[in-house]
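Residue-level listing of the chains:
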Amino acid sequence: MKVLVAVKRVVDYNVKVRVKADNSGVDLANVKMSMNPFCEIAVEEAVRLKEKGLASEVIAVSVGPTAAQEQLRTALALGADRAILVECGEDLSSLAIAKALKAVVDKEQPQLVILGKQAIDSDNNQTGQMLAALTGYAQGTFASKVELAGDTANVTREIDGGLQTVALKLPAIVTTDLRLNEPRYATLPNIMKAKKKPLEVLTPADLGVSTASTYSTVKVEAPAARNAGVKVASVAELVDKLKNEAKVI
Amino acid sequence: MAILVIAEHENGALAGATLNTVAAAQKIGGDIHVLVAGQSVDSVAEAAAKVAGVAKVLKADNAAYAHLLPENVAPLVVELASGYSHVLAPATTNGKNYLPRVAALLDVDQISEIIAVEAPDTFKRPIYAGNAIATVKSNAAVKVISVRTTGFDPVAAEGGSATVEAVAAAHDAGLSSFVGEELAKSDRPELAGAKIVVSGGRGMQNGDNFKHLYALADKLGAAVGASRAAVDAGFVPNDMQVGQTGKIVAPQLYIAVGISGAIQHLAGMRDSKVIVAINKDEEAPIFQVADYGLVADLFEAVPELEKLV
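Residues numbered from 1 in each chain as written. Chains lettered and ligands numbered in written order. Predicted model: local features only at pLDDT ≥ 70, side-chain atom pairs only at ≥ 80, totals over all residues.

Per an unreviewed UniProt entry, chain B is named Electron transfer flavoprotein subunit alpha/FixB family protein, and its organism is Pseudomonas typographi. A UniProt comment under Sequence similarities (unreviewed entry) is attached to chain B, and it reads "Belongs to the ETF alpha-subunit/FixB family." (UniProt positions renumbered as here; feature names shortened; annotations may be inferred.)

Per an unreviewed UniProt entry, the recorded name for chain A is Electron transfer flavoprotein subunit beta, and the organism is Pseudomonas typographi. Regarding chain A, the relevant UniProt record gives this comment under Sequence similarities (unreviewed entry): "Belongs to the ETF beta-subunit/FixA family."

Structural data, given as structure tokens:
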């Protein structure tokens, strides 16, 4: 079976972003960009399915700018067989991205689509669920374990109180949580090999999908700064401050 | 137009997150209806009817809605949504699971995890792990919104007298089924709603050392959390994780023990009223957000703190 895995190009998770002076967004000029950490986990899971002989082909897809080819090459170096870039402006909404992915699903007919649960830039946590809605497939979000058995995927999910397991009819959509796996690093020979793997570039127009959205960003501001606190010298002083100054215990 | 709030509930009880979500709906303004979907939810519907400010409760009681499976709940919400200007759900793992499915079926964008209402169509929400706050305006016919519960003080659980109306619609997509659940058992308060949270990081060194935090937490009536580093290291289970991708908390008092203060962690606790940091590294970034910082060996400081509180 084919597995489709979605990846997003985002600001590297170690970068502390700054808001632009004109409040139009965050400053991404000369900032290190990487594959979204949850997407790395998605790629790893797909590649492991192939290594176990459960997946026949792993296709990495990204919906984003030309530069997202870098992240697709990374996915190829990690073990994906081929890649598709749906090239478009950087600020598509999750719904528009889900529509583009739906068109790719229609074309490729994968049995399983794996996505990260959320991107660390927009923090939306929507795309996988929206893709599931548009395809009419079952969804296993925030997965910490995925087991395939015949035409079913048993997905263990990280929920507020612990873990929940659901059985999904395939084809299905899975979104990854942190503990699903530990992604590998790409080796140099694999990075070299990845350069020769096929990478197809499409546009939303090629796929016949709309990129319109029903919201707009009015402004982006820095969060309210916390006032610098004080250092206390001893546990006794800390307890005194908490009781008599902050009055929280 | 009215606002539809989707109730969070567990074990036959209305969850606190519902009260914060109703509070967000009140800020938007309009009649507030609460949808209680699930199986055997009479007691939840009765509790929802008593919540201050709720005008009507819609009860969808059907085996298909047990465990709020999104494949079945989303079509139910979509069927009801056309009569509403806004559909709100708490940004719990349930809400995060079914709500984007609702939005996509309605062909509208979802506004995730709002922390403030500026106008009925304009909301504030954190992006980049809370390092920026975006103000977004929705022109969707039905505005589908998840609510970060820490952003809104809960409404009173009593004082309302809404009517309860049964919804007959049964949507069973037949795509998914519930297999089982492993819920962490704890006598301590839940992380998301606790007044005091004690959290441990990589500095705890191992899972066994969390006993010091449990002892302190029991003395304070606090919940116990952890940083992603402590979860990744296998010290404690993931449901204890506080941070960008774990739980978002905003207690009266947050005590960070052996936590360096990575961006991802700060995203989950920076709105706490008072933050205490105990760390032996005086350069740790956690001290930049702490109201009270104690540079000390946690294995000495925490037992001493437990004795003194």
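**Observations concerning the overall build of chain B**
Along the backbone of chain B there are eight helices and 18 strands. Whereas a compact globule of 309 residues would reach a radius of gyration of roughly 19 Å, chain B reaches 20 Å, a difference of no more than 12%. For chain B, the spread of C-alpha atoms along the three principal axes comes to 60 × 40 × 40 Å. Out of the 309 residues belonging to chain B, those deemed buried represent 62%. Taking the intrachain contacts of chain B between residues at least 6 apart in sequence as the baseline, contacts between residues at least 24 apart amount to 66%. (Helix = DSSP H or I, 4+ residues; strand = E, 2+ residues; numbered from the N terminus. Rg over C-alpha atoms; globule rule 2.2 N^0.38 Å. Buried ≥ 20, exposed ≤ 12 C-beta atoms within 10 Å, placed from the backbone. Contact = placed C-beta atoms within 7 Å.)

**Considerations on the interface of chain B and chain A**
The interface of chain B with chain A comprises 67 residues on the first partner and 64 residues on the second. Classifying every residue of the side of chain B that touches chain A gives 36 nonpolar, 19 polar and 12 charged. As judged from the seven bridges shared by strand 9 (residues 162-169) of chain A and strand 13 (residues 176-183) of chain B, these two strands associate in the antiparallel manner. Looking across to strand 13 of chain B, one finds that A:L163 is bridged to B:E182. (Nonpolar A, V, L, I, M, F, W, Y, C, P; charged D, E, K, R; others polar. Pairing = 2+ DSSP bridges.)

**Focus on the nonpolar core**
If you look at the biggest cluster of nonpolar residues, it comprises 199 residues, and the most contacted ones within it are A:V5, A:A60 and B:A48. A domain-level breakdown of this core finds at least three residues from each of domain 1 (2-166) and domain 2 (191-308) of chain B. (Core = buried A, V, L, I, M, F, W, Y, C linked by C-beta atoms within 7 Å. Domains from an automatic or database assignment.)

**A word on the UniProt feature "domain: Electron transfer flavoprotein alpha/beta-subunit N-terminal" (unreviewed entry) in chain B**
Within the UniProt annotation, "domain: Electron transfer flavoprotein alpha/beta-subunit N-terminal" (unreviewed entry) is assigned to residues 3-182 of chain B. Span residues 3-182 of chain B is 26% helix and 37% strand, its end C-alpha atoms 34 Å apart.

**Looking at helix 4 (residues 93-105) of chain B**
Residue and element names in this part refer to chain B. In a regular helix each residue adds 1.5 Å, so 13 residues correspond to 18 Å; helix 4 covers 19 Å between its end C-alpha atoms and thus fits that length. Of all 13 residues that make up helix 4, 12 are buried, and the element is covered over most of its length. Residues of helix 4 that are buried include every one of T93, N94, G95, K96, N97, Y98, L99, P100, R101, V102, A103 and A104, and no others. Positive backbone phi, at 60°, marks D107, one or two positions downstream of helix 4. (Expected span 1.5 Å × (residues − 1).)

**Thoughts on helix 1 (residues 37-51) of chain A**
For an α-helix, 3.6 residues make a turn, and residues three or four places apart therefore share a direction. Residue and element names in this part refer to chain A. For helix 1, which comprises 15 residues, the first-to-last C-alpha distance of 21 Å matches the rise-based estimate of 21 Å (1.5 Å per residue) to within 8%. With 12 of its 15 residues buried, helix 1 lies for the most part within the structure. Within helix 1, burial applies to P37, F38, C39, E40, I41, A42, V43, E44, E45, A46, V47 and L49. Among the residues trailing helix 1, G53 stands out with phi positive, at a value near 80°.

**Some words on the packing of helix 7 (residues 235-245) of chain A against helix 8 (residues 298-308) of chain B**
The interhelical angle for the contact between helix 7 of chain A and helix 8 of chain B, taken along N-to-C directions, is 45°, at an axis separation of 9 Å. Considered as vectors, helix 7 of chain A and helix 8 of chain B are oriented oblique to each other. Considering only the axes of helix 7 of chain A and helix 8 of chain B, their crossing is right-handed. Contact with helix 7 of chain A, carried on its side by A:V235, A:A236, A:L238 and A:V239, involves B:A301, B:E304, B:L305 and B:L308 of helix 8 of chain B and no other residues of that element. The residue makeup of the contact of helix 7 of chain A with helix 8 of chain B, split by class, is seven nonpolar, no polar and one charged. (Axes fitted to C-alpha atoms, helices over the stretch in contact; angles between N-to-C directions. Parallel < 35°, antiparallel > 145°, perpendicular 65-115°, else oblique. Left-handed = near helix turned anticlockwise from the far one by under 90°.)

**So, the sheet that holds strand 18 (residues 292-295) of chain B**
If you trace the six strands from one edge of the open sheet to the other, you get 13(A)-18(B)-17(B)-16(B)-14(B)-15(B), paired in parallel fashion. Since the sheet does not close on itself, it has two edges, and those belong to strand 13 (230-232) of chain A together with strand 15 (223-226) of chain B, each with one partner. Sheet twist, expressed as the mean angle between neighbouring strand axes with direction ignored, is 20°. The sheet contact formed by strand 13 of chain A and strand 18 of chain B spans three bridges and is parallel. By the bridge assignment, A:V230 is partnered in strand 18 of chain B with B:Y292. Each of strand 13 of chain A together with strand 17 (274-279) and strand 18 of chain B touches helix 7 of chain A; the most contacted strand, strand 18 of chain B, lies at about 170° to it. Where helix 5 (residues 210-220) of chain B meets the sheet, its contacts fall on strand 14 (196-200), strand 15 and strand 16 (253-257) of chain B, and the angle it forms with strand 14 of chain B comes to roughly 175°.

**Things to note about unusual backbone geometry**
Between A:L170 and the following residue, A:P171, the backbone shows a cis peptide bond with an omega angle of 0°. Structurally, the position occupied by A:P171 is in the loop between strand 9 and strand 10 (172-176). Phi at B:E113 takes a positive value of approximately 50°, unusual for a residue other than glycine.

**Here we look at the domain arrangement of chain B**
Residues and elements named next belong to chain B. Assigned domains within chain B: domain 1 (2-166) and domain 2 (191-308). One C-alpha centre belongs to domain 1, the other to domain 2; they are set 30 Å apart. Residue-level contacts link seven residues of domain 1 with 11 residues of domain 2. Here the side of domain 1 that touches domain 2 is composed, by residue class, of one nonpolar, five polar and one charged.

**Focus: the sheet that holds strand 12 (residues 163-166) of chain B**
All names here are of chain B. The seven strands lie next to each other as 7-11-6-1-4-5-12, forming an open sheet whose pairing is parallel. With partners counted over all chains shown, the strands left at the sheet margins are strand 7 (110-114) and strand 12, one partner each. Neighbour to neighbour, the strand axes of the sheet diverge by 25° on average, direction disregarded. The sheet contacts of helix 1 (residues 16-28) involve strand 1 (2-6), strand 4 (32-38), strand 6 (84-90), strand 7 and strand 11 (143-147), and relative to strand 6 the element is tilted by about 150°. This element, helix 3 (residues 70-81), spans strand 1, strand 4, strand 5 (56-61) and strand 6 of the sheet and lies at about 155° to strand 4.

**Looking at the pairing of strand 14 of chain B**
All names here are of chain B. Within strand 14, five of the five residues are buried, which leaves the element mostly enclosed by the surrounding structure. Alternating positions in strand 14 separate into two faces, I196, V198 and G200 on one and V197 and S199 on the other, with burial throughout. Relative to strand 16, strand 14 runs parallel, the two being bridged by five bridges. Looking at strand 16, one finds that V198 is bridged to I255. Bridging between strand 14 and strand 15 involves four bridges; their strand directions are parallel. The partner of S199 across the bridge, within strand 15, is G225. Following the backbone out of strand 14, through helix 5 and into the adjacent parallel strand 15, one traces a crossover that is right-handed. (Right-handed = clockwise from strand over helix to strand, strands pointing away.)

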